[in-house]
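The primary structure of each chain is shown beneath.
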Amino acid sequence: MDFSGKRILVVDDIPINRTVLKNILLPMGADIIEVKDGRQAVDVFYAESDSIDIILMDIMMPNLDGYKATEEIRTSGLPNARTVPIIAVTTLAFQEDIDAAINAGMDFHLEKPFEPQKLLFTLMRFLSQKKGVLV
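These remarks concern the structure in this document.

How each quantity is defined
Residues numbered from 1 in each chain as written. Predicted model: local features only at pLDDT ≥ 70, side-chain atom pairs only at ≥ 80, totals over all residues. Heavy atoms only, no water. Buried < 20%, exposed > 50% of the residue type's maximum accessible area, 1.4 Å probe, protein only. Helix = DSSP H or I, 4+ residues; strand = E, 2+ residues; numbered from the N terminus. Pairing = 2+ DSSP bridges. Right-handed = clockwise from strand over helix to strand, strands pointing away. Salt bridge = Lys/Arg side-chain N within 4 Å of Asp/Glu carboxyl O.

## Some remarks on the pairing of strand 1 (residues 7-11)
Sheet faces and side chains relate simply in a regular strand, where the side chains alternate between the two faces.
Thinking step 1. The element strand 1 is largely enclosed, with a buried count of five among its five residues.
Thinking step 2. The alternating pattern of strand 1 places Arg-7, Leu-9 and Val-11 and Ile-8 and Val-10 on opposite faces, both of which are buried.
Thinking step 3. Bridge count for strand 1 against strand 2 (residues 31-35) is five bridges, and the pairing is parallel. Looking across to strand 2, one finds that Val-11 is bridged to Val-35.
Thinking step 4. Between the parallel pair strand 1 and strand 2, the chain is carried across by helix 1 (residues 15-25), and the sense of this crossover is right-handed.
Thinking step 5. Summarising the sheet, strand 1 and strand 3 (residues 54-57) pair through four bridges and their orientation is parallel.

## A few points about the environment of Thr-19
Thinking step 1. Note on placement: Thr-19 falls in helix 1.
Thinking step 2. What makes Thr-19 partly exposed here is its relative accessible area of 30%.
Thinking step 3. Distance from Thr-19 to Ala-88, taken between C-alpha atoms, is 17 Å for residues 69 residues apart in sequence.

## A short note on the pattern of salt bridges
Thinking step 1. Scanning the entire structure with this criterion turns up nine salt bridges.
Thinking step 2. For Arg-7, the salt bridge goes to Glu-48, with nearest N and O atoms at 2.7 Å. Here Arg-7 is found in strand 1, whereas its partner Glu-48 is found in helix 2 (residues 38-48), with 41 residues between them in sequence.
Thinking step 3. Here Lys-22 and Glu-34 are joined by a salt bridge, their closest N and O atoms 2.6 Å apart. With Lys-22 in helix 1 and Glu-34 in strand 2, the pair connects residues that are twelve residues apart, well separated along the chain.
Thinking step 4. Accessibility expressed as a relative area gives 22% for Lys-22, which makes it partly exposed.
Thinking step 5. Several salt bridges converge on common partners, so that one network encompasses Arg-7, Asp-31 and Glu-48.

## A word on the environment of Phe-94
Thinking step 1. Mapped onto the fold, Phe-94 is located in the loop between strand 4 (86-90) and helix 4 (95-104).
Thinking step 2. The class for Phe-94 is exposed, based on a relative accessible area of 60%.

The structure is reproduced here in structure tokens:
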């Protein structure tokens, strides 16, 4: 899999979680923007929305949780706001957590810990959909 030229916003308050994601994605050619909470994610999205291809969003974070950050992004009115794929990457794995993620505007829910291949296939699926090709 090749993610060259793809900008991925990684949002997680725990540094090791961001490092794990980076270690999986950087060898695939992805350009990673990492932030430590939902407020920073929203700020980066406002500044760089047109260049962000996908967002990996934790849920439980200080300052602004992943649900609220997603809602702010989706309602921002920016051109990419409604279409950028947002993937929940979280330890919250009950059905009500999955439903809450979808209701907040996330496109998919990926439970931590995850298999790296599952992450990569999920990203490929959503990045392909964005180009109009369903994998």
